[in-house]
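A structural walkthrough
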Amino acid sequence: MVIENNISLKGFNTFNIDVTASHFVTIDSHEVLKQLVRHPLFENGNALVLGGGSNVLFTRNFDGIVARNTIGGIEILSDNGIIATIRAGAGVNWHDLVAYALNNNLGGIENLSLIPGTVGAAPMQNIGAYGVEIKDVFANLEAVNRQTGIFQIFDDQDCQFGYRNSIFKSELKDKYIISSVTLNLTRNHEINTSYGAIEETLKEWSINNPTIQDVSEAVISIRSTKLPDPKKIGNAGSFFKNPVITLDQYYDLKKTWTGMPGYTDSEGHIKVPAAWLIEKSGWKGKRRGEIGVHENQALVLVNFGQGSGKDLFYLAEEIQKSVYKNFRITLDPEVNII
Ligand code: FAD
Ligand code: EPU
């Protein structure tokens, strides 16, 4: 295990924020993971586990140890011709796993194509897109307890998945390091094109009986037009979660904002697109020097180059205040602010 000192994190977060970590280590195997949780720097100090850095905002230098997870490997554990159980190391790139599933004709994660980051971070916030969440195909995960060093298996129930949420973001925040994730994928998969944009794209392409590959390509095409590529403009996808409000509050707001979109969730509440609230508050496309709000997606804050995490944080606060003033709705960050 090699621990480096004073390392720039600019290349390790998709906002491209230039802060330093006083110590930095790469977890590339179970062995390193076992050693790390017993290392005094990790046991007694400030420690942060990082995957692809696509859902974090660094607001200052990190005074402690940053451990980047790159544990690899994808294997099919079982396959009965209907369901295949597949396990991937936490450091595997999420889209590489999607591509592996597609190449093996396994369905279930094609709607989650092109989401940046690692497999290990995916259950943290129950990644979701275009009508599917990881919880829909989740079997279990393996994680090591940061205090005891003991490896444990968490099933679907244990993880307490919710919209952009899991037990690892609440009760067990910073208590475990995920080492692998196991999914149940299906052959003869029943595809999900419930998200309007997928159907429209497939129709445009004159595809009547779409395969999982077609759905993946449609999702990739939609994402590429809507979301900025972090390789070109620093960003972390949606900065805030879509707020969930009561039906009463929704109808009340509709009296003033007649065009306000809203979608009923499984509990009969209304999920309102945060992007719409931010756009109506006048923020879409606003630029402030090196940072701003993306011109095509108001939910995405961007770093044009040399922006700082603090400036992005203050911009996010201002957006929250103005959305609250206009709608009495509180926006909660999706991004992990550090
Ligand atoms: P990181 O940013 O490295 O970490 C995120 C959090 O997880 C941190 O708190 C970190 O400490 C913790 N963590 C990371 N790995 C581990 C581990 N092995 N064990 C324990 N804790 C860990 N998300 C969606 O849900 N849907 C989308 O459609 C989507 N689109 C995006 C589009 C763009 C352009 C970008 C930049 C981001 C998007 N995201 C989306 C957000 C992001 O891709 C996901 O949250 C992703 O799962 C983050 O993975 P990561 O490896 O980069 O995590
Ligand atoms: N809209 C606006 N202005 C905009 C953009 C969108 O008013 O600038 C409104 C439109 O009414 C549109 C609606 O917002 O119909 C929804 O927009 P979109 O389909 O782009 O989805 P989103 O709610 O902004 C969510 C996720 C994304 C995920 C997409 C697709 C959250 C916080 N975000 O975005 O996830 O990819 O749906 O399923 O739930 C992420 O988490 O980082 C992320 C990118």
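Residues numbered from 1 in each chain as written. Chains lettered and ligands numbered in written order. Predicted model: local features only at pLDDT ≥ 70, side-chain atom pairs only at ≥ 80, totals over all residues. Heavy atoms only, no water.

1. Some details on the site of ligand 1
Let me state the cut-off plainly: Any residue with at least one heavy atom within 4 Å of a molecule or strand is counted as near it. Distance and chemistry together define a polar contact, namely a pair of N or O atoms within 3.5 Å, with one atom able to donate a hydrogen and the other to accept it when in protein, and with adjacent residues in sequence counting only for side-chain atoms on both sides. Here the accessible surface of atoms and residues is derived via Shrake-Rupley with a 1.4 Å probe, and residues count as covered only by protein chains that are part of the display. Secondary structure elements follow DSSP: runs of H or I of four or more residues count as helices, runs of E of two or more count as strands, with numbering from the N terminus. Note on residue classes: Ala, Val, Leu, Ile, Met, Phe, Trp, Tyr, Cys and Pro are nonpolar, Asp, Glu, Lys and Arg are charged, and everything else, Gly too, is polar.
Around ligand 1 sit 34 residues, and of these Val49, Gly51, Ser54, Thr118 and Arg223 come closest. Residue Thr118 places a side-chain N or O atom 2.6 Å away from an oxygen atom belonging to ligand 1. Residue Arg164 places a side-chain N or O atom 3.4 Å away from an oxygen atom belonging to ligand 1. Protein chains shield 94% of the accessible area of ligand 1, which is 970 Å² for the free molecule. For the shell around ligand 1, the secondary-structure elements that each account for two or more residues are β3 (47–50), β8 (128–129) and β12 (176–186). The residue inventory of the shell around ligand 1, partitioned by class, reads 17 nonpolar, 14 polar and three charged.

2. Observations regarding the domain arrangement of the protein chain
Worth spelling out the cut-off: Reported domain spans reflect what an automatic or database domain assignment gives. By definition in these notes, contact holds between two residues if any of their heavy atoms fall within 4.5 Å. The term buried area means the drop in 1.4 Å probe accessible area that two parts suffer when joined, counted for both and summed. By salt bridge we mean one thing: a side-chain nitrogen of Lys or Arg within 4 Å of a carboxyl oxygen of Asp or Glu.
The assigned domain composition of the protein chain is domain 1 (3–69), domain 2 (74–186) and domain 3 (234–337). Placing the centre of domain 1 and that of domain 2 at their C-alpha centroids yields a distance of 21 Å. Each partner contributes to the interface: domain 1 provides 13 residues, whereas domain 2 provides 15 residues. Both faces considered, domain 1 and domain 2 share a buried interface measuring about 1200 Å² in area, 61% of it formed by carbon and sulfur atoms. Considering only the surface of domain 1 that becomes buried against domain 2, Leu33, Val37 and Asn69 emerge as the three largest contributors, covering 36% of it. Inspection of the domain 1/domain 2 interface yields zero salt bridges. Summed over the shared surface of domain 1 and domain 2, the number is four residue pairs in polar contact (both at pLDDT 80 or more). Secondary structure elements with two or more residues in the side of domain 1 that touches domain 2: α1 (30–37) and β3. If one sorts the elements of the side of domain 1 that touches domain 2 by residue count, α1 sits on top with four residues. For the side of domain 1 that touches domain 2, the residue count by class is five nonpolar, six polar and two charged.

3. Some thoughts on the pairing of strand β2 (residues 20–27)
Selection criterion: We treat two strands as partners when DSSP finds at least two bridges between them.
Of the pairings in the sheet, the one linking strand β1 (residues 4–8) to β2 comprises four bridges and is antiparallel in character. Residue Glu4 lies in a different strand from β2, and its bridge partner there is Phe24. Bridge count for β2 against strand β5 (residues 62–69) is six bridges, and the pairing is parallel. Looking at β5, one finds that Val25 is bridged to Ala67.

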